[in-house]
Amino acid sequence: MIVNPKDKINGEITVSGDKSISHRAVMLGSIAEGITEVTGFLMGADCLSTIECFRQLGIPIEVNEEKVIVHGKGLLGLSQPSNMLDVGNSGTTIRLMTGILSAQSFSSDITGDASIQKRPMLRVVAPLREMGAKIDGKEGGKYCPLHIEGQGLKGIHYQLPVASAQVKSAILLASLYAEGETTVIEPAPSRNHTEIMVNYFGGNILQKDNVIKSSPVKKLTGQYIKVPGDISSAAYFIVAALILPHSELLIKNVGVNPTRDGIITVFKQMGGNIELINQRTQCGEPVADILVRSSSLHGIEIGGSLIPKLIDEIPVIAAAACYARGTTIIKDAQELKVKESNRIQTMVSELKKMGASIRETDDGMIIEGGSALRGAQVESYHDHRVAMSLAIAALKAEKETTINNSDCVSISFPNFFSYLEKL
Ligand code: S3P
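How each quantity is defined
- Residues numbered from 1 in each chain as written.
- Predicted model: local features only at pLDDT ≥ 70, side-chain atom pairs only at ≥ 80, totals over all residues.
- Heavy atoms only, no water.
- UniProt positions renumbered as here; feature names shortened; annotations may be inferred.
- Helix = DSSP H or I, 4+ residues; strand = E, 2+ residues; numbered from the N terminus.
- Polar contact = N/O pair within 3.5 Å; in protein donor to acceptor, adjacent residues only side chain to side chain.
- Contact = heavy atoms within 4.5 Å.
- Near = heavy atom within 4 Å.
- Areas by Shrake-Rupley, 256 points an atom, 1.4 Å probe, with all protein chains shown as cover.
- Nonpolar A, V, L, I, M, F, W, Y, C, P; charged D, E, K, R; others polar.
- Domains from an automatic or database assignment.

Per an unreviewed UniProt entry, the protein chain is named 3-phosphoshikimate 1-carboxyvinyltransferase, and its organism is Defluviitalea saccharophila. Looking at the Sequence similarities (unreviewed entry) heading of the UniProt record, one finds this comment for the protein chain: "Belongs to the EPSP synthase family." Note on the protein chain: under the UniProt heading Pathway (unreviewed entry), the record states "Metabolic intermediate biosynthesis; chorismate biosynthesis; chorismate from D-erythrose 4-phosphate and phosphoenolpyruvate: step 6/7."

What to know about the side chain of Asn257
Along the chain, the position of Asn257 falls in the loop between strand S15 (248-255) and helix H9 (262-269). Of note is the side chain of Asn257, whose polar atom sits 2.7 Å from the side chain of Thr259. Asn257 has contacts with Asn192, His193, Ile196, Glu285 and Pro286, leaving out every residue within four places of it along the chain.

Quick word on the site of the ligand
Lining the immediate environment of the ligand, one finds Lys19, Ser20, Arg24, Thr92, Ser164, Ala165, Gln166, Arg191, Ile311, Asp312 and Lys339. Taking Ser20, its side chain carries an N or O atom lying 2.7 Å from an oxygen atom of the ligand. For the ligand, the protein covers 95% of the area, taking 390 Å² as the surface of the free molecule. Only helix H1 (19-31) and helix H6 (165-175) provide two or more residues apiece to the shell around the ligand. When residues of the shell around the ligand are assigned to their parent elements, the largest contribution, three residues, is made by H1. Looking at the shell around the ligand, its residues break down into two nonpolar, four polar and five charged. Two domains each provide a minimum of three residues to the shell around the ligand, namely domain 1 (2-16 + 228-422) and domain 2 (19-226).

Shown next as structure tokens:
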């Protein structure tokens with residue numbers, strides 16, 4: 001994809017549906033009784049992989065332009081797949097499904113693409129084994145393919161070593177089937193969409209500070225789920241409007257769950273003009289319209305418990321920081337190394353090609369902002385968030401930027417480039 005510089009962006013947009021909520025709607029809809037109708041579903045490659053996996057498990061799922069209809073068969077209604085389940089590029093699919101599959105009365109095998117096969121799985125395999133799950137995999141379960149022998153499980157008391165919503169959710173989904181209560185303690189709050197949606201389907205998860213308690217359920221009931229726009233997708237346009245002069249953009253219907261809104265906090269601290277309007281709750285999730293105006297940003301330090309609340313937005317925050325006055329320090333973000341690419345390495349190397357003053361640290365990056373970037377030939381490393389973040393950096397660079405392997409945006413935001421073009 002070739003991206004040319006732009007003077008400003010103006011107008012009103014909606015972004016595609018929330019990826020995390022879309023995955024969970026299909027998963028919980030499949031193990032609930034009756035029909036779950038999902039509107040606003042993200043038709044990105046990752047969420048389509050989740051649909052395909054549940055179809056392989058015997059769940060009829062209809063997909064049309066307006067909605068996804070899941071014909072749930074109840075907690076124990078899944079059937080043994082005849083083939084290896086394939087999650088494609090989706091970490092959320094493999095980690096959350098491993099929790100569900102561990103509790104079934106059949107065995108299954110699950111894997112994904114080359115990137116997924118390099119991503120750590122022991123973080124879900126270890127706690128699930130403590131619950132009694134029988135899971136094997138490459139190098140003792142460090143990596144997929146995973147072989148899962150479904151079992152009766154028991155509740156555990158588990159202190160998460162990393163703030164990961166995927167690990168927490170795998171345990172919570174398994175806990176629906178387990179004997180006794182499960183307690184998960186988080187080092188810092190991570191996205192709580194699983195907790196909200198399980199309760200919306202009739203489950204029983206309680207959260208107090210960093211402690212989450214879940215009790216087994218007799219049944220979940222199919223629901224109507226309206227998925228809000230994904231704040232992680234809105235983030236690209238938030239940054240575009242902030243860094244391009246004379247811009248004013250209204251992004252409508254975006255999920256602003258406080259476990260996901262770190263990007264708003266950070267840009268407000270950096271001097272960004274951002275307003276949340278029309279705040280409301282939809283299917284238990286906070287939603288708002290986001291009004292962004294061009295702003296003169298300055299660098300700040302970002303770390304600690306804010307990191308899990310903006311983990312997927314760090315690549316685009318790095319792009320914004322290149323155009324902010326002064327130094328931005330991103331720390332405590334080691335988790336970036338185990339995403340679809342090593343996002344510390346990939347963002348630093350590609351922004352450098354555009355002339356950024358940026359360097360890698362052990363747990364993040366340091367950016368000296370304020371000097372102009374120039375268009376360059378850059379690489380996405382097949383990582384959707386790297387491709388989109390570089391496209392936003394390119395909007396304010398001198399001359400055009402070519403992004404290689406940019407098709408990967410279809411993972412989370414299939415219309416990204418056409419939206420950009422339209423604005
Ligand atoms: C997700 C959790 C995060 C995030 C990913 C989606 C989820 O991963 O990076 O894009 O839907 O639970 P971790 O839990 O590994 O931090």
